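Tertiary structure, described
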Protein chains: 2
Amino acid sequence: MTRPNKRRGSGPRHRAEARWEGRNIRLQIEYDGSNYCGWQSQKIRRSKTIQETIEKVLRRVLQEKIRLVASGRTDAGVHARAQVANFKTCSKISPEKLQNALNGLLPEDISVSKIEEVPVSFHSCLGAKSKTYRYTILNRRFPSALLAGRVYFYPYPLDLGLMRSQAKSLLGRHDFSAFCASNSGAKSKIRTIRKISVKRKKDGLLEIEIEADGFLYNMVRNIVGTLIQIGRGKQGARNLKRVLDSKNRGLAGPCVPAGGLSLIKVQY
Amino acid sequence: MTRPNKRRGSGPRHRAEARWEGRNIRLQIEYDGSNYCGWQSQKIRRSKTIQETIEKVLRRVLQEKIRLVASGRTDAGVHARAQVANFKTCSKISPEKLQNALNGLLPEDISVSKIEEVPVSFHSCLGAKSKTYRYTILNRRFPSALLAGRVYFYPYPLDLGLMRSQAKSLLGRHDFSAFCASNSGAKSKIRTIRKISVKRKKDGLLEIEIEADGFLYNMVRNIVGTLIQIGRGKQGARNLKRVLDSKNRGLAGPCVPAGGLSLIKVQY
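Calculation rules
Residues numbered from 1 in each chain as written. Chains lettered and ligands numbered in written order. Predicted model: local features only at pLDDT ≥ 70, side-chain atom pairs only at ≥ 80, totals over all residues. Heavy atoms only, no water. Least-squares fit on C-alpha atoms with pLDDT ≥ 70 in both. Contact = heavy atoms within 4.5 Å. Helix = DSSP H or I, 4+ residues; strand = E, 2+ residues; numbered from the N terminus. Buried area = accessible area lost by both parts, 1.4 Å probe. Salt bridge = Lys/Arg side-chain N within 4 Å of Asp/Glu carboxyl O. Polar contact = N/O pair within 3.5 Å; in protein donor to acceptor, adjacent residues only side chain to side chain. Nonpolar A, V, L, I, M, F, W, Y, C, P; charged D, E, K, R; others polar. Domains from an automatic or database assignment. Buried < 20%, exposed > 50% of the residue type's maximum accessible area, 1.4 Å probe, protein only. Arc of directions from axis to C-beta. Pairing = 2+ DSSP bridges. Disulfide = S-S within 2.5 Å. Lys, Arg positive; Asp, Glu negative; His and termini not counted.

1. Here we look at the relation of the copies chain A and chain B
With an axial shift of 0.0 Å and an RMSD of 0.0 Å, the rotation relating chain A to chain B amounts to 180 degrees. This pairing of chains is accounted for by a two-fold axis. Across chain A, the rotation axis passes nearest the C-alpha of A:Leu147, at a separation of 5.4 Å. The overlap is high: 100% of the interface residues of chain A also sit at the interface in chain B, so the same surface is used on both sides.

2. Re the environment of A:Ile210
Its place among the elements puts A:Ile210 in strand β9 (residues 205-212). For the pair A:Ile210 and A:Ile193, spaced 17 residues apart in sequence, the C-alpha separation works out to 7.1 Å.

3. Remarks on the interface of chain A and chain B
Taken together, the contacts link 27 residues of chain A with 27 residues of chain B. Together chain A and chain B conceal approximately 2,000 Å² of surface at their shared face, both sides included; 51% is due to carbon and sulfur atoms. Sorting the residues of chain A by area buried against chain B places A:Arg141, A:Ala145 and A:Leu146 first, and these three jointly supply 34% of that buried surface. For the salt bridge of A:Arg141 with B:Glu96, the shortest nitrogen-to-oxygen distance reads 3.9 Å. The interface formed by chain A and chain B includes 14 residue pairs in polar contact (both at pLDDT 80 or more). At the level of elements, β1 (23-31), β3 (79-89), α3 (95-105) and β4 (110-118) of chain A are the ones that each hand at least two residues to the side of chain A that touches chain B. Among the residues forming the side of chain A that touches chain B, the class breakdown is ten nonpolar, eight polar and nine charged.

4. Points about the domain arrangement of chain A
All names here are of chain A. Under the domain assignment used here, chain A contains domain 1 (21-118) and domain 2 (130-267). Taking only C-alpha atoms, the centre of domain 1 and the centre of domain 2 are 28 Å apart. Across the domain 1 to domain 2 interface the summed buried area is about 1,100 Å²; carbon plus sulfur atoms make up 49%. Taken together, the links from domain 1 to domain 2 amount to one salt bridge. Across the salt bridge formed by Asp 32 and Arg 150, the nearest N and O atoms sit 2.7 Å from each other. The tally of links from domain 1 across to domain 2 stands at eight residue pairs in polar contact (both at pLDDT 80 or more). When grouped by side-chain class, the residues that make up the side of domain 1 that touches domain 2 number five nonpolar, seven polar and four charged.

5. Some words on helix α3 (residues 95-105) of chain B
All names here are of chain B. All buried positions along α3 are accounted for by Leu 98, Gln 99, Leu 102 and Asn 103. What you see down the axis of α3 is that its buried residues fit within an arc of 125 degrees, all on one side. In α3, the exposed positions that point more than 90 degrees away from the buried face belong to Lys 97 and Gly 104. Tucked inside the fold, the buried residues of α3 contact β1 (23-31), α2 (50-62), β3 (79-89) and β4 (110-118).

6. Topic: the pairing of strand β8 (residues 190-200) of chain A
Each regular strand shows side chains that alternate between the opposite faces of the sheet. All names here are of chain A. When strand β7 (residues 172-175) meets β8, the two strands line up antiparallel, connected through four bridges. Pairing of Gly 172 across the sheet is with Ile 193, part of β8. Relative to β9, β8 runs antiparallel, the two being bridged by seven bridges. Paired with Ile 193 across the strands is Ala 212, a residue of β9. Hairpin remark: β8 followed by β9, antiparallel, with four residues in the connecting loop; positive phi at Asp 203, about 60 degrees.

7. Points about the state of the cysteines
Residues and elements named next belong to chain A. Summed over the entire model, instances satisfying the criterion amount to zero disulfides over all chains. For the unlinked cysteine Cys 255, the closest cysteine sulfur is that of Cys 180, found at 11 Å. Of the residues examined, Cys 255 reaches a relative accessible area of 32% and is grouped as partly exposed.

8. Observations concerning the side chain of A:Glu30
Counting through the fold element by element, A:Glu30 comes out in strand β1. Although A:Glu30 is buried, it makes no salt bridge; B:Arg140 carries the closest opposite charge, 4.3 Å away. At 3.2 Å, the side chain of A:Glu30 forms a polar contact with the backbone nitrogen of B:Ala145. Excluding anything up to four places from it in sequence, A:Glu30 contacts A:Ala80, A:Arg81, A:Asp109, A:Ile110, A:Ser111, B:Arg140, B:Ser144, B:Ala145, B:Leu146 and B:Leu147.

What follows is the structure in structure tokens.
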């Protein structure tokens, strides 16, 4: 039995791609991830994703099939203040007009905050040098209705000084297996954390920001869960360095909820 | 045909009320009004209200039928940072325990930020000297996914200086018929506006705050709709003073969406 080679054949689709001389458009996207099962379109689709929602609107506006590439996927329920994605198009529409059209047609929980034409070589994912995630904890005695789904409500006192000093041991290049979900498909668990900060803001808010060259599945949420345990004095004699060195997920703290997490910056 | 007088009779319920020597509890409540048809329980109920949602949880916690009185109703879709309400109870539960129980049992979009025992004479509605509402406009070229449902997105340039100077003519005691929804049941349309401010905040946000001794149905949203028209240069030669004096709703601007509005303070 023979089947035509659909992926690498010299069929019309392949030839068309080879001739392609269109434009490369970069988007900066904000979204509330609450109602989506993450960024990336899935083969077995159970629920809508951010990617397919935007691709559908792009197809409608540009009348072409569009493949949107992001700096990286975000998980179900995770938000973004400034996700970066790009796509190639033959359309000559101006970036400003395209932005207005997208914001007019996208659902309320996805918006395009910036749009520009970039060199054809720009690739949102491969070109990303680092990404910064922020995890927000509401650390006071009572929750906030207006922040629900955007923060993790944790009403017990936390030792911020201890959390800050322990967090420093994660800086640099390490094997982050201890903070990686067991169902991750990543081949290498080695990543480099460039910055990590723990800040108290007004009204009981705590912000933990982590900048790294890449993140493993649930990595930020597992690190935050462990830092909370440390701040609460629950990790006992164990410290973050020992958890990291163990490469044992079982020694780290629980994975905190997705709603507190937001991708806030992608550096190129 | 005779029927027992259920409302003013000398039956057991009436006698019990007369003997009542319980406590008066004051709540400060935050809510996202998006999923509710306003504060007040309605006779013809189509959808849930904030009041009945809290009363149901109070009944569950205190094992008594509770009647919650607020400083005033808020309309469908309107939020509150600090609504004030009170109720009377025979329960001896401590305010702190009650707050934790309520926040544990209430849905995420309603939270109790303060709770205290107050003199029996305190009445949330009759005692309120003034209330302050804030209307938030997102005034920039593109919307925000993370602020959706909390702000009114208005992408056209606005003359804030003009809006500020015109807004001043609303200060003081006036007949606000021009800014009152036609289906309002209010007998008198006279209210006193104590403060009104128009402020530009960061990231394209504009906040219009109005403090008054009381508000007519849709009054803030109608005033804001008119101010936007003025800021946009649409009211032509007409000014806010003329609209106010006309007492004619037809001369005022449109009613802006509920999601931008929030009750932020009640003064006693």
